[in-house]
Amino acid sequence: MTSVNDVSSRLPGPWSEHVAGLLGGALRRLREEILADSEDRFPGLRVSHYRLLEMIPPGGARITDLAEVALMTKQGLGQHVDYLQRLGYVESDRLRADRRVRLVRRTVKGEEAVTHSRTAIERVEQLWSEHLGPERYAAFRETLRELGN
């Protein structure tokens, strides 16, 4: 049986031609590349987990700060961190100065997962640059940067 999500993401229609549908198609390609061999190397990770792992700076970050950057609630982000910690991708400790604050850091396994996702994104960017040509791809990136600010 075909899943509803699989069918609906490929059905033609007006929604697939407006900017949200077009951006969704591009993001789907990125997700597919990141997850292509992910389960074998990094079991249990979804694209949202890779995104969160990449947000954590080398020295670590507080849950509250990560939640703000990720546009999530502290509780929701804390659940993601707990899940990633159980799988060994992050570690967290309470600060001595304020036991209410959790500092989250990537583990070696978490660093490897970030490298995996960055490499997958680089592959997609290279394919897109080859497909569009370097000048069009540079303009595409600059346009996205302008629209995101």
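Residues numbered from 1 in each chain as written. Predicted model: local features only at pLDDT ≥ 70, side-chain atom pairs only at ≥ 80, totals over all residues. Heavy atoms only, no water.

Student: For this particular structure, what's the right way to read the sheet that holds strand S3 (residues 102–106)?
Tutor: Think of a sheet as strands paired side by side through backbone hydrogen bonds, with each pair either parallel or antiparallel. With respect to topology, 3 strands assemble into an open sheet ordered S1-S3-S2, the strand pairing being antiparallel. Edge positions in the sheet fall to strand S1 (61–62) and strand S2 (90–94), since each of these pairs with one other strand and no more. Across 5 bridges, the pairing between S2 and S3 is antiparallel. Residue pairing for S3: serine 92 is matched across the bridge by valine 104. (Pairing = 2+ DSSP bridges. Helix = DSSP H or I, 4+ residues; strand = E, 2+ residues; numbered from the N terminus.)

Student: How should I be thinking about the nonpolar core in this particular structure?
Tutor: Inside soluble globular proteins, nonpolar side chains tend to come together where they are buried. Residues Leu45, Leu53 and Leu77 are the most contacted members of the largest nonpolar core, which totals 21 residues. Put simply, the parts of the chain that give this core at least two residues each are helix H4 (47–55), helix H5 (63–70), helix H6 (74–86) and helix H7 (108–132). Aside from chain neighbours lying at most four places away, what touches leucine 77 is Leu52, Ile63, Leu66, Ala67, Ala70 and Met72. (Core = buried A, V, L, I, M, F, W, Y, C linked by side-chain atoms within 4.5 Å. Buried < 20%, exposed > 50% of the residue type's maximum accessible area, 1.4 Å probe, protein only. Contact = heavy atoms within 4.5 Å.)

Student: Even after reading the chapter, I still don't get the packing of H4 against H7, so can you show me in this structure?
Tutor: Relative orientation of the contacting elements H4 and H7 amounts to 110°, with a least axis distance of 9 Å. As the angle between them shows, H4 and H7 are arranged roughly perpendicular. Taken as a pair, H4 and H7 cross one another with a handedness that is left-handed. Of the residues in H7, those in contact with Tyr50, Leu53 and Glu54 of H4 are Gly110, Ala113, Val114, His116, Ser117 and Arg118. Residue classes in the contact of H4 with H7 are distributed as 4 nonpolar, 3 polar and 2 charged. (Axes fitted to C-alpha atoms, helices over the stretch in contact; angles between N-to-C directions. Parallel < 35°, antiparallel > 145°, perpendicular 65-115°, else oblique. Left-handed = near helix turned anticlockwise from the far one by under 90°. Nonpolar A, V, L, I, M, F, W, Y, C, P; charged D, E, K, R; others polar.)

Student: Teacher, can you tell me more about a nonpolar patch on the surface here?
Tutor: A contiguous nonpolar patch, built from Val19, Leu23 and Leu144 and spanning about 260 Å² of accessible area, is present on the exposed surface. In this structure, leucine 23 sits in helix H2 (residues 19–35). For leucine 23, a relative accessible area of 41% translates into the label partly exposed. (Patch = residues over 30% accessible without salt bridge, like charges linked within 9 Å, V, L, I, M, F, W, Y side chains within 5 Å. Areas by Shrake-Rupley, 256 points an atom, 1.4 Å probe, with all protein chains shown as cover. Salt bridge = Lys/Arg side-chain N within 4 Å of Asp/Glu carboxyl O.)

Student: Which parts of the structure should I look at to understand the pattern of salt bridges?
Tutor: Opposite charge on two side chains makes pairing possible when the charged atoms of those side chains draw close. Enumeration according to the criterion identifies 10 salt bridges in this entry. Among the salt bridges present, the one from arginine 118 reaches glutamate 54, with a minimum N-O distance of 3.1 Å. In this pair, arginine 118 is assigned in helix H7 and glutamate 54 in helix H4, connecting sequence segments 64 residues apart. With a relative accessible area of 39%, arginine 118 lands in the partly exposed category. The closest approach of N and O atoms between aspartate 65 and arginine 62, which form a salt bridge, is 3.0 Å. On the basis of relative accessibility, which here comes to 34%, the residue arginine 62 falls in the partly exposed class. A cluster of three or more residues bridged by salt bridges with shared partners is formed by Arg29, Glu33 and Arg123.

Interpretation note: all reported values are geometric properties and have no functional meaning in isolation.
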